[in-house]
Structure formats: C-alpha cells, structure tokens
Amino acid sequence: METMFDTLLQLPLFQGLCHEDFTSILDKVKLHFIKHKAGETIIKSGNPCTQLCFLLKGELSIVTNAKDNIYTVIEKTEAPYLIEPQSLFGMNTNYASSYVAHTEVHTVCISKAFVLSDLFKYDIFRLNYMNIVSNRAQNLYSRLWDEPTLDLKGKIIRFFLLHCEKPQGEKVFKVKMDDLARCLDDTRLNISKTLNELQDSGLIELHRKEILIPDAQKLL
C-alpha cells in the first residue's frame, strides 16, 4: 500500500494534493490495478478513451501509425507516465496510439465517470490536468512554428521531431525510403545520401525499412 501510495503521488496529476485529500480519493475510487507481460498490447489505437490510465512500473512502447499507414513511429517511455490524458475529452475521444508493454508493466486505471464526479472537485487535480493538456498543446504548436530549413538534413530532422510525442529518448521510424522521399518531396537518392550522413554522425542507425534514433535529443 505504501509503494502504491508513493508511486501515485509521483504522477503529475496528483502532485500538490495533501495526504488527507489523496487518502480520501483512494477510499472512494475503485482502482483497477493490472500487471501486463512484455509484448502485451495494453491499449489499441482507435479504441475509446473512457478512463485515465497510469503506468506505475516498467516501460511502454508507444506505436503511432500515419493515417495512410505509410510509416509507423515507435517511442519508448518509462513509469511514471499518464497515457493520453488529452483523449479523455474533446471531439475525438479515441486513443491516437497503441501502447505495448516493452517490459513487464503495472498500470492503474480510473474511470472517466469518477474523474468527473469526484476528482474534478479538487482544485489541485483540475489545475494539474489543465496544465498537462495545455503544456502538450503549446509544445506541439511551437514545433509547428519553428523556422523552416532549406537543407535536406534539417528537413529530415524536422520530420522526425514533428512526429514524436517527446523530443527525447529512443525512436524507431518504420518507413520505406520511397515513402519518406514522397513525404519530404525529394528524390530517393538524396534522402538515402542524407540519411547515411546522419548515420555517419552517429545520430541514427539505418536498418531495412527502419530508422533507429538512439536519442532524439541529439537531433536538436
């Protein structure tokens, strides 16, 4: 109980809540704790988001497909982590990505109904929730207004970073060279040459139909 209590308090949504309020929440809410094996799909893209789901332990792979499925982006994230809080409300309340256990992971879920009926009564929780969603929207918006670059290397890096949830950590882009060339409106030969330059610099690793970025932070 102590470990669960401490782990939950690490999550941004609950930071700032006094122990008395947090204990009161735990007494009222029905928490669904689940253990997932490595390789297990926890959430599928397109499924309705009807709860807040927290990663308490382990590492997840976030898998996001382009609408036409010409490329897939895979990112890793570690606990503690809140899965798509922005998908709980709005015009589209379906998950944008799939979430697969990279290691054994532990999750806990809280229903949307309880969030609305009880958790939003706490000013700290409401403020934390609004800050998380607002910060994400502002970060994504600022990326769109970054100064465009004319050189192909900059365009490729911009493409990578624009399609990542977080500009840190390991990323995998599953994409054919021809499709990447079409996305960037350039030739396959030029794309291949520039990617090899990035690989020679140690920023990426090229594999068959796959580009590994060991640390996206180094692309900035």
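Residues numbered from 1 in each chain as written. Predicted model: local features only at pLDDT ≥ 70, side-chain atom pairs only at ≥ 80, totals over all residues. Heavy atoms only, no water.

### Here's the deal with the side chain of S61
Relative to the helices and strands, S61 is located in strand β4 (residues 59-65). Once you skip the residues sitting within four places of it in the chain, S61 turns out to touch I74, E75, K76, S98, Y99, V100 and H102. (Helix = DSSP H or I, 4+ residues; strand = E, 2+ residues; numbered from the N terminus. Contact = heavy atoms within 4.5 Å.)

### A word on the domain arrangement of the protein
On domain assignment, one finds that the protein holds domain 1 (2-58 + 75-141) and domain 2 (150-217). Here the C-alpha centre of domain 2 lies 31 Å away from the C-alpha centre of domain 1. With five residues of domain 1 at the interface, the matching set in domain 2 holds six residues. A buried area of about 580 Å², summed over both sides, lies between domain 1 and domain 2, and 31% of it is on carbon and sulfur atoms. Of all residues in domain 1, E75, K76 and R136 bury the most surface against domain 2, accounting for 73% of the area lost on that side. For the pair domain 1 and domain 2, the number of links is three salt bridges. (Domains from an automatic or database assignment. Buried area = accessible area lost by both parts, 1.4 Å probe. Salt bridge = Lys/Arg side-chain N within 4 Å of Asp/Glu carboxyl O.)

### Describing the pattern of salt bridges
Enumeration over the complete set of coordinates arrives at eight salt bridges. For R126, the salt bridge is made with D123, and the minimal N-O distance between the two is 2.5 Å. Of this pair, R126 and D123 both sit in helix α4 (residues 123-144), separated by three residues, roughly a single helical turn. For E210, the salt bridge is made with K174, and the minimal N-O distance between the two is 2.7 Å. Residue E210 is found in strand β11 (residues 210-213), and its partner K174 is found in strand β9 (residues 171-175); the two are separated by 36 residues along the sequence. For E210, a relative accessible area of 22% translates into the label partly exposed. (Buried < 20%, exposed > 50% of the residue type's maximum accessible area, 1.4 Å probe, protein only.)

### Some remarks on the state of the cysteines
A full pass over the atoms with the stated rule returns zero disulfides. Left unpaired, C183 is separated from the closest cysteine sulfur, that of C164, by 14 Å. (Disulfide = S-S within 2.5 Å.)

### Details of the layout of surface pockets
There is about 1200 Å³ of room inside the largest pocket. For the largest pocket, the lining is made up of 40 residues, of which Q86, R136, L140, C164 and E165 are closest to its centre. Looking at the lining of the largest pocket element by element, the count peaks at nine residues for α4. Across the lining of the largest pocket, the residue classes tally to 21 nonpolar, twelve polar and seven charged. Of the residues that make up the lining of the largest pocket, three or more belong to each of domain 1 (2-58 + 75-141) and domain 2 (150-217). (1 Å grid on protein atoms, 1.4 Å probe; cavity = no way out; pocket = protein on both sides within 12 Å on 5 of 7 lines; lining within 4 Å. Points joined across faces, edges and corners; volume = space filled by probe spheres on them. Nonpolar A, V, L, I, M, F, W, Y, C, P; charged D, E, K, R; others polar.)

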